[in-house]
Amino acid sequence: PNDYIWRVRRQLRRLNQLEESLLTLSKIEAGVLQLKKESVDVYTALTLAAENLEELFRRKQVGIQISNQGAAVITGDLEWTMEALMNLMKNSLEQSEGGQAVFCDYVVNALEVRIRIWDQGPGFAPEDLPYLFDRFYTVESARKSTGLGLSIAKVLVEQMDGTISANYNHNTLSISIYLPVIS
């Protein structure tokens, strides 16, 4: 009986997470969720996002490393920027095993900031790349996922006039966000 109760609770948590994600995605796409236009320091947003996920990382015994590349300020909404970053970090966490790490860095130029997040896990197959940001798309190694995190990140980034992409480089999948800098 206890095993049955545990499985039911786990499914209920998963359904609640799915419901919240779908509501968020619907609000963003319908234009109901208005994002603020404020100055957001990229290092601060990455650090706060990581702090919000600290317990998940600790539980899985995966580290997170954020490289401080100096001042980089974008126009966006801090809370929703953090939400997009947390979704990308959680995605990397799902692909990681104990003892591994998730890495975050950023590079600034005159027009944009490129935020990059990657992990040491097996990653996705190259044939998955065109579908990674599609709603409900999951790969075999992420079956616990709702398949909405990357979709939400994509929609949020686009609402902030940015773009998001996934690339393979030396057998490592990294996801990059490009956001305009404050001029």
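What counts and what doesn't
- Residues numbered from 1 in each chain as written.
- Predicted model: local features only at pLDDT ≥ 70, side-chain atom pairs only at ≥ 80, totals over all residues.
- Heavy atoms only, no water.
- Helix = DSSP H or I, 4+ residues; strand = E, 2+ residues; numbered from the N terminus.
- Buried < 20%, exposed > 50% of the residue type's maximum accessible area, 1.4 Å probe, protein only.
- Contact = heavy atoms within 4.5 Å.
- Areas by Shrake-Rupley, 256 points an atom, 1.4 Å probe, with all protein chains shown as cover.
- Core = buried A, V, L, I, M, F, W, Y, C linked by side-chain atoms within 4.5 Å.
- Arc of directions from axis to C-beta.
- Polar contact = N/O pair within 3.5 Å; in protein donor to acceptor, adjacent residues only side chain to side chain.
- pLDDT = per-residue confidence, 0-100.
- Salt bridge = Lys/Arg side-chain N within 4 Å of Asp/Glu carboxyl O.
- Expected span 1.5 Å × (residues − 1).

**Observations regarding the overall build of the protein**
1) Next: When helices and strands are counted, the protein shows five helices and seven strands.
2) Next: Reading the secondary structure of the protein in the N-to-C direction produces α-β-α-α-β-β-α-β-β-α-β-β.
3) Next: Every one of the 183 residues in the protein was classed for burial, and the buried ones make up 40%.
4) Next: In the protein, of all internal contacts separated by at least 6 residues, the share reaching a separation of at least 24 is 71%.
5) Next: Carbon together with sulfur atoms contributes 50% to the accessible area of the protein, which is approximately 10400 Å² in total.

**Points about the nonpolar core**
1) Next: The biggest cluster of nonpolar side chains holds 45 residues, and the ones touching the most others in it are Met 89 and Ile 115.
2) Next: Within the residue set of this core, elements represented by two or more residues are helix H2 (42–52), helix H4 (78–94), strand E4 (101–108), strand E5 (112–119), helix H5 (149–159), strand E6 (163–169) and strand E7 (172–180).
3) Next: Looking at which element gives the most residues to this core, the answer is H4, with seven residues.
4) Next: The residues contacting Ile 115, other than those within four sequence positions of it, are Val 42, Leu 46, Leu 85, Asp 105, Tyr 106, Ile 175, Ser 176, Ile 177 and Leu 179.

**Section: the environment of Met 82**
1) Next: Considering the arrangement of structural elements, one finds Met 82 in helix H4.
2) Next: Taking the C-alpha atoms as reference points, Met 82 and Ala 50, 32 residues apart in sequence, are found 8.8 Å from one another.
3) Next: Dropping the residues within four chain positions of it, Met 82 is found in contact with Ala 45, Leu 48, Ala 49 and Asn 52.

**Observations regarding H2**
Along an α-helix, residues three or four positions apart point the same way, because every turn accommodates 3.6 residues.
1) Next: Burial in H2 covers these residues: Val 42, Ala 45, Leu 46, Ala 49 and Ala 50. One side of H2 holds all its buried residues, which, seen down the axis, span an arc of 130 degrees.
2) Next: Put simply, Asp 41 is the residue that caps the front of H2, since its side-chain oxygen is 3.4 Å from the backbone nitrogen of Tyr 43.

**Quick notes on the confidence of the model for the protein**
1) Next: Taken as a whole, the protein shows an average pLDDT of 83; of its residues, 88% reach a score of 70 or greater.
2) Next: Helix H1 (residues 2–30) is the least confidently modelled element of the protein, averaging 74 in pLDDT, while strand E2 (residues 63–66) averages 96, the highest of any element.

**A short note on the side chain of Ser 96**
1) Next: Tracing the backbone through its elements, the reader meets Ser 96 in the loop between H4 and E4.
2) Next: When its relative accessible area of 2% is taken as the criterion, Ser 96 is described as buried.
3) Next: In this structure the side chain of Ser 96 is engaged in a polar contact, spanning 2.8 Å, whose partner is the backbone oxygen of Ser 92.
4) Next: Those residues in contact with Ser 96 that sit more than four places away from it in its chain are Lys 60, Val 62, Ala 101, Val 102, Asp 119 and Gln 120.

**Notes on the pattern of salt bridges**
1) Next: In the structure shown here, the tally under the stated rule is five salt bridges.
2) Next: Note that Glu 54 and Arg 58 form a salt bridge whose closest N and O atoms lie 3.6 Å from each other. Taken together, the residues Glu 54 and Arg 58, both in helix H3 (residues 54–60) and four residues apart, mark about one turn of the helix.
3) Next: Accessibility expressed as a relative area gives 51% for Arg 58, which makes it exposed.
4) Next: The salt bridge involving Arg 58 is made with Glu 55; its shortest N-O contact spans 3.5 Å. Of this pair, Arg 58 and Glu 55 are both found in helix H3, three residues apart, which corresponds to roughly one turn of the helix.

**Describing H4**
1) Next: Its 17 residues give H4 an end-to-end C-alpha distance of 24 Å, which sits within 8% of 24 Å, the value for a rise of 1.5 Å per residue.
2) Next: Buried within H4 are the following residues: Thr 81, Met 82, Ala 84, Leu 85, Met 86, Asn 87, Leu 88, Met 89, Asn 91, Ser 92 and Leu 93.
3) Next: The opening residue of H4, the one whose side-chain oxygen lies 3.1 Å from the backbone nitrogen of Glu 79, is Asp 77.

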